[in-house]
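Examining the three-dimensional arrangement
Given next are the chains, with one letter for each unit.
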Amino acid sequence: MVWSLCHCRQFNQQQSAASSPLASETCEPIVALYIRECDPFQQVEDFIQESVERYGLSLLTVEGSYKDALAWLIKTDPSIKGVLMGTRRTDPHASDLVPFVMTDGDWPQVMRVNPILDFTYSDIWRFLRDLNVPYCSLYDEGYTSLGGRSTTVPNPALHSTSSSSSSSHLPAYLLSDGDRERDGRMKSKTPR
């Protein structure tokens, strides 16, 4: 969702620049940092690549913890002063965040910008579906929060048994209780 918002902003800038008689260059591609799980779903990998193409992203991929990935990013480009996050208040350790906040003291120092901090689970799905924003196909299979294959299962709250006695899961956007978004996530063996 954050990529979509950035893409809209970049598109507007390009349109404004194109209509200006002084315009001589286009916007730089948005740099996106993908912190890959050690055992990613192929559907997530495919969606990331589709998003790179769709939004014209410059993708940097790192494996490891968020802290290590951020340290690598800042070391790679020390001019980075802020990062745009997809964090929401219901995410782990996010209840006390504010829209603009520096990383904790023992982290690489950078401003975290949280534009969707106060969006609810249903707000996210309303945005995606009303504007036809593409999303990872696993969400249509009952996954509501994505991690690695060994730590993520379809959300039990979306379990459905059809009349043919086959077991399946409803799509993520049908989850009525946003507090159950992470019910399909298991404890990771390594800290993120």
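Scroll up for the structure.
Quick caveat: nothing in here was measured; it's all calculated off a predicted structure.

Moving on, we get to unusual backbone geometry. With the exception of glycine, the majority of residues adopt a negative phi angle, and the majority of peptide bonds are in the trans configuration. With a phi angle near 65 degrees, His 93 is a residue other than glycine that sits in the positive phi range. The topology assignment puts His 93 in the loop between β3 (82–84) and β4 (100–102). We classify His 93 as exposed; its relative accessible area is 82%. One non-glycine residue, Asn 132, lies in positive phi territory at about 55 degrees. Within the secondary structure layout, Asn 132 lies in the loop between α4 (121–130) and β6 (159–161). For Asn 132, a relative accessible area of 65% translates into the label exposed.

The next point concerns the pattern of salt bridges. In the structure shown here, the tally under the stated rule is nine salt bridges. A salt bridge links Asp 91 to Arg 182, with the shortest nitrogen-to-oxygen separation between them at 2.6 Å. With Asp 91 in the loop between β3 and β4 and Arg 182 in the segment after β7 (167–169), the pair connects residues that are 91 residues apart, well separated along the chain. With a closest N to O distance of 4.0 Å, Arg 112 and Asp 104 form a salt bridge. On the basis of relative accessible area, Asp 104 is assigned to the partly exposed category, the value being 46%.

About the cut-offs
Residues numbered from 1 in each chain as written. Predicted model: local features only at pLDDT ≥ 70, side-chain atom pairs only at ≥ 80, totals over all residues. Heavy atoms only, no water. Helix = DSSP H or I, 4+ residues; strand = E, 2+ residues; numbered from the N terminus. Buried < 20%, exposed > 50% of the residue type's maximum accessible area, 1.4 Å probe, protein only. Salt bridge = Lys/Arg side-chain N within 4 Å of Asp/Glu carboxyl O.

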